[in-house]
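Listed below, chain by chain, are the residues.
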Amino acid sequence: DNLPSYHREIAENFSRDGAWGTWVGRWTAEENRHGIVMRDYLVVTRGVDPVALEQARMIHMTNGFASPIGSHSGLLHSVSYVTFQELATRVSHRNTGKVCDDPIADRMLQRIAADENLHMMFYRNICGAALDIAPDQTLEAVSHIVTNFQMPGAGMPNFRRNGVLMAKHGIYDLRQHLEDVVWPVLRKWRIFEREDFT
Ligand SMILES: [Fe+2]
């Protein structure tokens, strides 16, 4: 729901020139599709109170989103942040599908998780190439992101309470963040095998 803010942050950081512009446009369209299908599902099934959902959306979107690391942080911080964030989203959507106990929700969230995985791979490849080209600068950005990580929804109403519910139901917790998100990405980048970092 906060996609206009995310689009602004990403467009400002990556620019909209050439291939970047094409990527940002396509990414925005895909994330919007995810938001639409999840909202439609929740409203049609009355899975949540639609009035409460709309009230929360108004507060959340009015606040908007600004990157906690600031928009001056540049490309390396942005691509490392979104690598971890897209993977976290993939893991949590996938697990949400499992605990919904409804084959339609499970299929829908599997499909969304597959998109999130592609988003993650795109950013992970760019960040991996940056590690080859500019290892010191990139490692500094990665280290800053890993040690200050927050999901983009952190300011939304009841985020803390919902975060506890997510942990309780096996959707996402700190252990999953470490084992399913942080370690696999760092291993893929061969962070601990690179001579220049040892
Ligand atoms: Fe995504």
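See the structure shown above.
Parameters and conventions
Residues numbered from 1 in each chain as written. Predicted model: local features only at pLDDT ≥ 70, side-chain atom pairs only at ≥ 80, totals over all residues. Heavy atoms only, no water. Donors = N, O, S within 2.8 Å, 3.2 Å for Na, K, Ca; no water. Tetrahedral: all angles 85-135°; square planar, octahedral: opposite > 155°, others 65-115°. Helix = DSSP H or I, 4+ residues; strand = E, 2+ residues; numbered from the N terminus. Buried < 20%, exposed > 50% of the residue type's maximum accessible area, 1.4 Å probe, protein only. Axes fitted to C-alpha atoms, helices over the stretch in contact; angles between N-to-C directions. Parallel < 35°, antiparallel > 145°, perpendicular 65-115°, else oblique. Left-handed = near helix turned anticlockwise from the far one by under 90°. Contact = heavy atoms within 4.5 Å. Nonpolar A, V, L, I, M, F, W, Y, C, P; charged D, E, K, R; others polar.

The next point concerns the coordination of the iron ion. Ideal geometry at a metal gives 109.5 degrees between four tetrahedral donors and either 90 or 180 degrees between six octahedral ones. For the iron ion, the protein coordination sphere consists of Glu31 (OE), Glu86 (OE), Glu116 (OE) and His119 (ND1), at 1.8 to 2.3 Å. Between the four donor atoms coordinating the iron ion, the angles at the centre fall across 92 to 136 degrees, so the site counts as irregular. Here the donor residues of the iron ion share one chain and are spaced in sequence as E-x54-E-x29-E-x2-H. A residue pair is termed long-range when its members are at least 10 positions apart, and Glu86 in helix 4 (residues 74-100) and His119 in helix 5 (residues 103-133) qualify at 33 residues. The exposure classification of Glu86 matches that of His119, with both residues buried.

It is at 9 Å that the axes of helix 4 and helix 6 (residues 135-147) come closest, and there the two elements cross at 45 degrees. Considered as vectors, helix 4 and helix 6 are oriented oblique to each other. Between helix 4 and helix 6 the crossing geometry is right-handed. Here Leu76, His77, Ser80, Tyr81 and Phe84 of helix 4 come into contact with helix 6, specifically with Gln137, Thr138, Ala141, Val142, His144, Ile145 and Val146. Taken together, the residues of the contact of helix 4 with helix 6 break down into seven nonpolar, five polar and no charged.

So, about the packing of helix 4 against helix 8 (residues 174-188). The N-to-C vectors of helix 4 and helix 8 enclose an angle of 135 degrees; their axes lie 10 Å apart at closest approach. Judged by the angle between their axes, helix 4 and helix 8 are oblique. The way helix 4 lies across helix 8 gives a crossing that is right-handed. Side by side, helix 4 and helix 8 meet where Thr83, Phe84, Leu87, Ala88, Val91 and Asn95 of the first sit next to Gln176, Asp180, Val181, Val182, Val185 and Leu186 of the second. Of the residues assigned to the contact of helix 4 with helix 8, the class counts are eight nonpolar, three polar and one charged.

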